[in-house]
Amino acid sequence: MQAIRSLTLLLSALGLAGVLGCSSNGPTAPTDAGVPDTGEDAGDVPLFIGPGNLNVTWTINGNPPATECAVVGAAFVEIQASFGNATRLPCTQGMVSKMMLPANRLNVGARLLRADGTPIYEYVIPTTILSDQTVDATINFEPPGTLRVRWTVNGNAPASECPTTTATRVIIRLEGFDALAATCSTGRISYARVPGARLTGLQPGHYVATGEIQSGSGSNYRTIQTLRGEGDVTSGAMGEIVLPFEAPPLPVDP
């Protein structure tokens, strides 16, 4: 009887051990609902969990819409703040709120329209919607400007210097817009219009550009150097950002 009791206790212990320690999946790690740890304070990293709200306001040439819409012949403002159809509003209304937008980075499209629907100005405003917060986006409809991002290579003009180095192309990423590429020797990329927009020009404001000078060709490119520059676009004028790249010389045959 004692032997049977001991065997029963042993089998029970082995069964419990199997439940606790022999699962094929192992312990389940806790899931972090936040963003990946980047080494920065959590307060510096926006959390894209759940929807947020957006308030869009506008002025015209820096003046209130109530008086300025008539001056420029504007009847409507059209706002595209999410997927689906744009919202068309009386120009003099001066603001619109969009509720429960997905928290994410968002380009807000804004068009100042005449009574017949033709555009006067058309801009894209980079905005970040944060969860459970209301974000303000302000648009000043005014004559657009342009931006030129140009570069030097080893302190010299790209047209003459690039052929003596391993650099073959430059990629420019302007904050809020798609990346553009040019051959190294071209020496510049101009943002004379919003990609996809009908009107020429950029909204006046402060812009940040990141440039990469690369070697290689086809699908085999390698980044040599990455630089960041900032510049301002003013109404009716051209702004400029200059990136002073460095690139190694072409190898010399023995």
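## Examining the overall build of the protein chain
Okay, step 1: The secondary structure content of the protein chain amounts to three helices and 14 strands.
Okay, step 2: Here the protein chain holds 254 residues, and 35% of them are scored as buried.
Okay, step 3: Sequence-distant contacts, at least 24 apart, represent 62% of the contacts inside the protein chain between residues at least 6 apart.
Okay, step 4: If you sum the accessible surface of the protein chain, you get close to 14,800 Å²; carbon and sulfur atoms cover 55% of it.

## Details of the state of the cysteines
Okay, step 1: Applying the stated criterion across every chain, the model contains two disulfides.
Okay, step 2: The residue that forms a disulfide with cysteine 69 is cysteine 91, at a sulfur-sulfur distance of 1.9 Å. Here cysteine 69 and cysteine 91 share a disulfide; its torsion about the S-S bond, -80°, makes the bridge left-handed. A residue pair is termed long-range when its members are at least 10 positions apart, and cysteine 69 in helix α2 (residues 65-72) and cysteine 91 in the loop between β3 (87-90) and β4 (95-102) qualify at 22 residues.
Okay, step 3: What makes cysteine 91 buried here is its relative accessible area of 1%.

## A look at the confidence of the model for the protein chain
Okay, step 1: Looking at the protein chain, the pLDDT average stands at 82 and 78% of residues meet or exceed 70.
Okay, step 2: In the model of the protein chain, helix α1 (residues 2-21) stands out as the element of lowest mean pLDDT, 40, in contrast to helix α3 (residues 158-161), which has the highest, 98.
Okay, step 3: Counting contacts from residues 1-45, a segment whose pLDDT is below 50, to residues more than four positions away or on other chains yields nine contacts.

## Thoughts on the packing of aromatic side chains
Okay, step 1: The full count for this structure, using the stated rule, is one aromatic pair.
Okay, step 2: Each ring, one from tyrosine 123 and one from phenylalanine 141, has its centre 6.3 Å from the other, and the planes form 15°; the classification is stacked. In this pair, tyrosine 123 sits in strand β6 (residues 119-129) while phenylalanine 141 sits in strand β7 (residues 134-141), placing the two residues 18 residues apart along the sequence.
Okay, step 3: Looking at tyrosine 123, the relative accessible area reads 2%, which means it is buried.
Okay, step 4: Over the ring of phenylalanine 76 we find arginine 88; its NZ or CZ atom is 5.6 Å from the centre of that ring.
Okay, step 5: Positioned over the ring face of tyrosine 221 is arginine 169, at 3.6 Å from the centre of the ring.

## Some words on the sheet that holds strand β14 (residues 238-245)
Okay, step 1: With mixed pairing, three strands are arranged side by side in an open sheet as β11-β8-β14. Looking at the sheet topology across the chains shown, the edges are occupied by β11 (188-191) and β14. The mean inter-strand angle of the sheet, taken between neighbouring strand axes irrespective of direction, is 15°.
Okay, step 2: Where strand β8 (residues 146-153) lies against β11, four bridges are found, and the strand directions are antiparallel. Counterpart to arginine 148 in the pairing with β11 is serine 190.

Parameters and conventions
- Residues numbered from 1 in each chain as written.
- Predicted model: local features only at pLDDT ≥ 70, side-chain atom pairs only at ≥ 80, totals over all residues.
- Heavy atoms only, no water.
- Helix = DSSP H or I, 4+ residues; strand = E, 2+ residues; numbered from the N terminus.
- Buried < 20%, exposed > 50% of the residue type's maximum accessible area, 1.4 Å probe, protein only.
- Contact = heavy atoms within 4.5 Å.
- Areas by Shrake-Rupley, 256 points an atom, 1.4 Å probe, with all protein chains shown as cover.
- Disulfide = S-S within 2.5 Å.
- pLDDT = per-residue confidence, 0-100.
- Phe/Tyr/Trp six-rings, centres within 6.5 Å; stacked < 30°, edge-to-face > 60°.
- Lys NZ or Arg CZ within 6 Å of the ring centre and 35° of its normal.
- Pairing = 2+ DSSP bridges.
- Axes fitted to C-alpha atoms, helices over the stretch in contact; angles between N-to-C directions.

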